[in-house]
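An overview of the molecular structure
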Amino acid sequence: MFTQLFFWAFFIVVLAIYSIVYKKSKLRTIFLLLVSLFFYFKTSGVFVLLLLFTIISDYFWGNQIHKSQSTLSKKLYLTVSVLLNLSLLCYFKYSYFFHQSVNQIAEINTPFINHFAQFSNTFFDTKFSIDKLLLPVGVSFFTFQSLSYTIDMYRGKIQPVKSIFDYGFFVCFFPHLVAGPIVKAHDFLYQIYEPYKLSKFEFGMSVFWILNGFMKKIVADYIAVNYIDRIFDQAHLYSGVEVIFGIFGYSLQIYMDFSGYTDIAIGLALILGFRLKTNFNSPYKATSTSEFWKRWHISLSSWLQEYLYIPLGGNKEGTIGSYIAIVVICLFMILLAGKLFLIYVLVGIAVVLLILAYIFPKIIQTINTNINLMVTMLLGGLWHGSSWLFLIWGGLNGLGLIIHKFWKKITPWKGDESMATKFFLMLVTLAFISFTRIFFRSPDMETVNMIFYRIGNFFGGDQTLNILRGYRVVMTIMALGYAIHWIPEKFKEQYRSWFANQHYAVMSLIGIIVVFVSYQLMSGEMQAFIYFQF
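Below you will find a few notes about this structure. (Residues numbered from 1 in each chain as written. Predicted model: local features only at pLDDT ≥ 70, side-chain atom pairs only at ≥ 80, totals over all residues. Heavy atoms only, no water.)

1. Considerations on the environment of Tyr-344
Which entries qualify depends on this criterion: Helix and strand assignments follow DSSP, with helices taken as H or I runs no shorter than four residues and strands as E runs no shorter than two, numbered in order from the N terminus. The buried label applies to any residue whose accessible area, calculated with a 1.4 Å probe on protein chains only, is under 20% of its type's maximum; exposed applies above 50%, and partly exposed to all values in between.
Tracing the backbone shows Tyr-344 in helix H15 (residues 341-359). For Tyr-344, a relative accessible area of 66% corresponds to the exposed category. In sequence terms Tyr-344 and Leu-5 are 339 residues apart; their C-alpha atoms lie 56 Å from each other.

If you want it as structure tokens, here you go:
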């Protein structure tokens, strides 16, 4: 983890050697590739073979796509690349789920066998348990990055890299390897061949982002350990008011945790001479769900938009791909329920919709122009995990996007730029996003039900002041967190620039103070970054 002393010792050694090779682009690339592979090996052990397979495979298919003269051949090679990548991703993310679901539906009890663990034990003398499946860290992130290369090659947006070393470096550059931001080929590859450059101001900004991310992560851990985790682990012990504070606290926690990681990643990459795009843009300043998803995890949102939403037809119409995706989602629903009767329910719903579409043609037009929003968000939910909770979370966000799309046409606040209106809409959006996260954070549906039960039946509003006093440190930190988040962007740019323009001695002093204060907030062992699990 980027917050551990071990990582910074590693980075100092890397930087010391890098200072010798950074002027020679080929040597620089090979060095950073080897460092990144070592980094991933220390993170995921033998799974580095999976990373190497992805690199070698998509480098080959990308070249084949570029060399092909016929469109049919290009499509064939792209299809092979996509199927290989998604098959590996689905195996690690969903094979255990599929096995359990089939056992439940067929009422059998066949044992699960992890074939990768079995292979590793046989050929590498490892001791993995073959009846359990470990998810390789960052598998979704490097798979999406690698897919962007073959898709961009097919679209003619990029030229092939000069060597497999360049491609390997693009896929597994260690700052963004295990939790993003997701880097698209056309946004990064050209940087590999540019000479190293880093101004004094850029160095200052890189240090700022590292310190900013470090502080965010430590604070996220503090409020999680001292309040939020307790709420979601034992919701039945807390009043409705405490639960509501916990829900809004989790929204702050997951933002600081995830954006903290990417802030550090962006700072590290910049010191090494590479520019990664912003991944979070003050998402809780959003005044609508649509705006929120343009500000939150921007690299994933833009990836899904460019490589899934638009190819499916965007907001113009549903395509065959849209309905294939709906069938896949319905299959997941059947497996999640573990009951075959759900097939008849879903078919019945489809028949009713077809009848309504025949009687009222405008209904099918409305469905067609909105289906891709819902499909994208449902698939985004399933990407996070194979459970009803993630599916509901994705569905609620899809519904929020669709409702906002219609609301824009009738809103009484259209064109109203007053601060009061913006702040009200911002709070409504935050409340909705935080509500959906009840399903995202809760370990099971029983916890979700208990949370709603406590809010509805044991609200405890009269104890609000006692709760604020009892958790005064946590509540103060949460209030400060939101207050800092809502500071106008113009002011934030001013203090970032002020820091970046300071003398190195001043930067060092501020850095020491930030790290010292951060470690005073640390309680117990550091928590893993939340998005490592995805």
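Now that the structure has been shown, the text picks up again.
2. Re helix H2 (residues 25-44)
Inclusion rule: In a helix, the anticipated span is given by 1.5 Å times the number of residues less one. We call two residues contacting when some pair of their heavy atoms lies within 4.5 Å.
Relative to the 28 Å expected for 20 residues at 1.5 Å per residue, H2 spans 28 Å between its end C-alpha atoms, a close match to the ideal helical length. Residues Arg-28, Thr-29, Phe-31, Leu-32, Leu-33, Val-35, Ser-36, Leu-37, Phe-39, Tyr-40 and Ser-44 constitute the buried set of H2. Against the buried residues of H2 lie helix H1 (5-21), helix H3 (48-67), helix H6 (139-155), helix H7 (164-172), helix H8 (174-177) and helix H9 (185-192).

3. A few points about the pattern of salt bridges
Selection rule: Here a salt bridge means any side-chain nitrogen of Lys or Arg lying within 4 Å of a carboxyl oxygen belonging to Asp or Glu.
Per the counting criterion, the structure on display carries eleven salt bridges. Note that Glu-306 is salt-bridged to Lys-157, the shortest N-O span being 2.8 Å. Here Glu-306 is found in helix H13 (residues 298-309), whereas its partner Lys-157 is found in the loop between H6 and H7, with 149 residues between them in sequence. Using a relative accessible area of 42% as the deciding quantity, one classes Lys-157 as partly exposed. One salt bridge in this structure joins Lys-216 and Asp-263, with 2.9 Å as the shortest N-O distance. Highlighted residues: Lys-216 in helix H10 (residues 200-233) and Asp-263 in helix H11 (residues 240-271), separated in sequence by 47 residues. Across the pair, Asp-263 and Lys-216 agree in class, each one buried. Among the charged side chains, a network of salt bridges with common partners joins Lys-157, Lys-184 and Glu-306.

4. Brief notes about the packing of H10 against helix H23 (residues 504-521)
This is how it is decided: For every element, the axis is a line fit to its C-alpha atoms; helices are fit only across the contacting stretch, and the angle between N-to-C directions ranges from 0 to 180 degrees. Geometric relationships in this document are graded by angle, where less than 35 degrees denotes roughly parallel, more than 145 denotes roughly antiparallel, 65 to 115 denotes roughly perpendicular, and other angles denote oblique. In this classification, the charged set is Asp, Glu, Lys and Arg, the nonpolar set is Ala, Val, Leu, Ile, Met, Phe, Trp, Tyr, Cys and Pro, and all remaining amino acids, among them Gly, are polar.
Running from N to C, H10 and H23 point in directions that differ by 10°, and their axes come no closer than 9 Å. The angle between the axes of H10 and H23 places the two elements in the roughly parallel class. Residues Lys-200, Phe-203, Gly-204, Leu-211, Phe-214, Met-215, Ile-218, Val-219 and Tyr-222 of H10 form the contact with H23, whose participating residues are Tyr-504, Met-507, Gly-511, Val-514, Val-515, Val-517, Ser-518, Tyr-519 and Leu-521. The class makeup of the residues in the contact of H10 with H23 is 14 nonpolar, three polar and one charged.

5. Points about empty space enclosed by the protein
This is how it is decided: Using a 1 Å grid laid over the protein atoms alone, points where a 1.4 Å probe fits but cannot get out form a cavity; open sets with protein on both sides within 12 Å along at least 5 of 7 lines form a pocket; any residue with an atom within 4 Å of a point counts as lining. Grid points are joined across faces, edges and corners, and a volume is the space filled by probe spheres set on the points.
For the coordinates displayed, the defined rule picks out two cavities of 30 Å³ or more. Empty space within the second largest cavity amounts to approximately 40 Å³. Lining the second largest cavity are Leu-50, Thr-54, Asn-85, Leu-88, Leu-89, Val-139, Phe-142 and Thr-143. Elements with a contribution of two residues or more to the lining of the second largest cavity: H3, helix H4 (71-106) and H6. Partitioning the lining of the second largest cavity into residue classes produces five nonpolar, three polar and no charged.

6. Observations concerning the environment of Val-35
For Val-35, the position within the fold is in helix H2. The exposure class assigned to Val-35 is buried, which follows from its relative accessible area of 9%.

7. Comments concerning H23
We count it as follows: It is the directions from the helix axis to the C-beta atoms whose arc is reported.
The end-to-end C-alpha distance of H23 is 26 Å, a good match for the 26 Å that 18 residues give at a rise of 1.5 Å each. Residues of H23 that are buried: Met-507, Gly-511, Val-514, Ser-518 and Leu-521. End-on view of H23: buried residues confined to an arc of 85°, all on one side of the axis. Facing away from the buried side of H23, by more than 90 degrees, are the exposed residues Leu-509, Ile-512, Phe-516 and Gln-520. Tucked inside the fold, the buried residues of H23 contact H10, helix H21 (472-485) and helix H22 (489-500).

8. Observations regarding the packing of aromatic side chains
The cut-off we apply is this: When the centres of two rings from Phe, Tyr and Trp lie within 6.5 Å, Trp using its six-membered ring, the rings pair. Their planes under 30 degrees apart give stacked, over 60 give edge-to-face, and anything left gives tilted. Lysine NZ or arginine CZ positioned within 6 Å of the ring centre and within 35 degrees of the ring normal marks a charge as sitting over the ring.
In total, this model carries 64 aromatic pairs according to the counting rule given. Ring plane angle 85° and centroid distance 6.0 Å describe the contact between Phe-435 and Phe-439, whose orientation is recorded as edge-to-face. Taken as a pair, Phe-435 and Phe-439 lie in helix H18 (residues 419-441) at a separation of four residues, close to a single helical turn. Looking at Phe-435, the relative accessible area reads 32%, which means it is partly exposed. Take Phe-439: its relative accessible area is 9%, and that puts it in the buried class. Lying over the aromatic face of Trp-383, Lys-93 brings its terminal NZ or CZ to 5.4 Å of the ring centre.

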